[in-house]
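Chains, contacts and geometry: an overview
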Amino acid sequence: MRRVFNFSAGPAMLPTEVLDASAKALLDYNGKGFGIAECSHRGKEFDGVMDEAIARCKKLFGLGDTHDVLFLQGGATQLFTTIPMNFCKAKADYLVSGEWSQKAAKAASALGKQVNIVASSESSNFDHEPGNWKLGDGAEYLHVCSNETVHGHRLAEWPQHPNLIVDASSEFMARPHPVQDCALVYGGAQKNLGPSGVVLALVRKDLYARIPKDVPALFSFAKQAENKSMINTPPTFGVYILLETFRWLERQGGLAAMEAKNEAKAKLIYDAIDQSGGFYFSTLKAGADPATRSRMNVTFRLKDESLTDLFIKEAEALHMVALKGYRTVGGIRASIYNAMPTEGCQALADHMRAFAKKRG
């Protein structure tokens with residue numbers, strides 16, 4: 001079977017080694033005669049999976065006992081609500097740099113919290129990371145989205161803040177993160193880590209004292225930590241795939257090695273854009289700092305928009321799929337998460353150059 005280069009923004013492609021190992025475990029886990037998705041989450045087999053997944057996650061981040069590793073459900077979108085429910089009594093700061101951070105801020109506001117927008121680029125359709133931040137007085141945390149999948153830009157450096165909360169969904173484990181300096185880092189697994197249905201959250205333990213007593217146990221980060229993310233039945237197979245991904249990341253050399261690989265992959269496509277003589281152009285604001293261009297989601301347009309569908313069709317014929325840009329941005333979006341091989345980015349860059357030469 002030929003596997004295509006899948007540029008989907010998520011759920012996204014997974015490493016074939018991870019898929020192979022997970023498929024074997026799905027049929028027969030460690031010679032037990034039953035699959036990993038068939039064993040009880042209360043049994044010793046899955047308990048061992050959880051223990052190893054937590055340990056390997058902490059090892060990859062160099063994270064000590066200050067934080068808990070949680071595997072949650074409901075997607076990162078649910079955490080837009082549960083985070084302020086747990087940790088915001090009155091006020092919180094939010095950086096609104098794209099659709100996802102905007103949704104997070106709106107979710108907090110819907111709970112009746114006072115949301116201070118420290119900066120926003122909404123007026124220009126989120127085409128850059130906004131500057132000139134103005135932190136609010138008495139805010140209990142600062143929330144940011146480190147990489148905006150829709151608009152293709154990132155925070156090159158995470159801000160320093162005593163209570164920084166980061167939605168890292170689309171770049172989780174794609175580079176080293178200063179999680180030890182953060183209050184909470186979270187993200188949906190379906191970009192870099194595994195299948196949809198699992199959220200990885202790294203929570204600083206001293207936050208638990210803030211949680212109101214009336215927060216339901218299922219939505220309480222403290223209660224989830226007490227129960228090792230198993231208050232109810234967790235997405236067992238999804239967590240197992242995360243474990244296989246952690247193992248795979250270790251074999252790749254860890255997060256610093258992944259960052260170097262991802263930088264090189266993104267450069268192949270950005271070079272094709274920058275060297276096209278204007279045939280392709282970034283969806284980001286002219287003059288934007290190249291360091292803020294996303295290494296995970298490369299977004300661009302063709303100078304003749306009428307050629308976009310043809311570009312996508314010809315790419316599909318070359319076994320490259322899911323390149324259509326998000327509906328509010330248009331153009332092309334190439335999502336090149338950890339599992340995208342260098343060959344996929346090279347194939348796209350080659351197609352871009354050949355397409356421009358033929359129609360430029």
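What counts as what
- Residues numbered from 1 in each chain as written.
- Predicted model: local features only at pLDDT ≥ 70, side-chain atom pairs only at ≥ 80, totals over all residues.
- Heavy atoms only, no water.
- Helix = DSSP H or I, 4+ residues; strand = E, 2+ residues; numbered from the N terminus.
- Buried < 20%, exposed > 50% of the residue type's maximum accessible area, 1.4 Å probe, protein only.
- Contact = heavy atoms within 4.5 Å.
- Polar contact = N/O pair within 3.5 Å; in protein donor to acceptor, adjacent residues only side chain to side chain.
- Disulfide = S-S within 2.5 Å.
- Salt bridge = Lys/Arg side-chain N within 4 Å of Asp/Glu carboxyl O.
- Phe/Tyr/Trp six-rings, centres within 6.5 Å; stacked < 30°, edge-to-face > 60°.
- Lys NZ or Arg CZ within 6 Å of the ring centre and 35° of its normal.
- Expected span 1.5 Å × (residues − 1).
- Core = buried A, V, L, I, M, F, W, Y, C linked by side-chain atoms within 4.5 Å.
- Pairing = 2+ DSSP bridges.
- Axes fitted to C-alpha atoms, helices over the stretch in contact; angles between N-to-C directions.
- Right-handed = clockwise from strand over helix to strand, strands pointing away.
- Parallel < 35°, antiparallel > 145°, perpendicular 65-115°, else oblique.
- Left-handed = near helix turned anticlockwise from the far one by under 90°.

Quick word on the environment of E244
- Within the secondary structure layout, E244 lies in helix α6 (residues 236–252).
- Assessed through its relative accessible area of 7%, E244 is described here as buried.
- Between the C-alpha atoms of E244 and T342, which are 98 residues apart in sequence, the distance is 21 Å.
- Look past the residues within four positions of E244 in its chain and what remains in contact with it is V18, A21 and S22.
- Side chain to side chain, E244 and R247 meet in a polar contact 3.0 Å long.

What about the state of the cysteines?
- By the definition in use, this model includes zero disulfides.
- Summary of cysteine pairing: C57 is not part of a disulfide, and the nearest cysteine sulfur, belonging to C182, is at 13 Å.
- By relative accessible area, which is 0% here, C57 ends up buried.
- The closest cysteine sulfur to the non-disulfide-bonded C145 is located on C182, 13 Å from its own sulfur.

A word on the pattern of salt bridges
- The final tally for this structure, using the stated rule, is 18 salt bridges.
- Residue E263 pairs with R154 through a salt bridge whose shortest N-O separation is 3.8 Å. Here E263 is found in helix α7 (residues 255–274), whereas its partner R154 is found in strand β7 (residues 153–154), with 109 residues between them in sequence.
- Residue E263 is classed as partly exposed on the basis of its relative accessible area of 28%.
- Owing to a relative accessible area of 7%, R154 belongs among the buried residues under this scheme.
- Here E263 makes a salt bridge to R295, at a shortest N to O gap of 3.1 Å. Pair noted here: E263 is in helix α7 and R295 is in the loop between β11 (280–282) and β12 (297–302), with a separation of 32 residues, a long-range link.
- Beyond isolated ion pairs, a larger network of salt bridges with shared partners links E52, R56, E244, R247 and E250.

Some details on the packing of aromatic side chains
- One pass over the full model with this rule turns up ten aromatic pairs.
- Consider the rings of F61 and F172, whose centres lie 6.0 Å apart with planes at 45°: the pair is tilted. Note that F61 is positioned in helix α2 (residues 44–61) and F172 in the loop between β8 (164–167) and β9 (184–188), a separation of 111 residues in sequence. Residues F61 and F172 agree in their burial class; the two are buried.
- An aromatic cluster of three or more residues is present, and its members are F279, Y280, F300, F311 and F355.
- Its guanidinium or amino end placed over the ring of Y270, R293 lies 4.1 Å from that ring's centre, counting from NZ or CZ.

Remarks on α2
- Its 18 residues give α2 an end-to-end C-alpha distance of 26 Å, which sits within 8% of 26 Å, the value for a rise of 1.5 Å per residue.
- All of the buried residues along α2 are E45, F46, V49, M50, A53, I54, C57, K58, L60 and F61.
- Buried residues along α2 sit in contact with β2 (67–72), β10 (199–204), α6 and α7.
- Once α2 ends, the next one or two residues include G62, with phi positive near 65°.

Regarding the nonpolar core
- Formed by 48 residues in total, the largest nonpolar core has its most connected members in F61, F71, M173, L200 and F246.
- Contact partners of F246, with chain neighbours within four places excluded, come to A53, R56, C57, L60, F71, M173, L193 and L200.

Concerning the sheet that holds β11
- Spatial ordering of the open sheet is given by β11-β12-β14, a layout of three strands whose pairing is antiparallel. Of all the strands in the sheet, just β11 and β14 (332–335) have a single pairing partner and so form its edges. Ignoring strand direction, the axes of neighbouring strands in this sheet form an average angle of 35°.
- Summarising the sheet, β12 and β14 pair through four bridges and their orientation is antiparallel.

Observations regarding the pairing of strand β3 (residues 91–96)
- Counting buried residues in β3 gives five out of six residues, a clear majority hidden from the surface.
- Where β3 meets strand β4 (residues 114–120), six bridges bridge the pair, whose relative direction is parallel. The residue bridging Y94 from the neighbouring strand is I117, located in β4.
- Considered for its hand, the β-α-β crossover made up of β3, helix α4 (residues 99–110) and β4 is right-handed.
- In this sheet, strand β5 (residues 142–145) lies alongside β3 in parallel orientation, the contact comprising two bridges. Residue pairing across strands places D93 opposite L142, the latter belonging to β5.

A few points about the packing of helix α1 (residues 16–27) against α6
- One way to put it is that α1 packs onto α6 with a least axis distance of 9 Å and a crossing angle of 140°. Of the possible angle classes, the one that applies to α1 and α6 is oblique. α1 and α6 meet at a crossing whose hand is right-handed. In contact with E17, V18, A21, S22, A25 and L26 of α1, α6 contributes F237, Y240, I241, E244, T245, W248, R251 and Q252.

These figures come from the coordinates and say nothing about function on their own.
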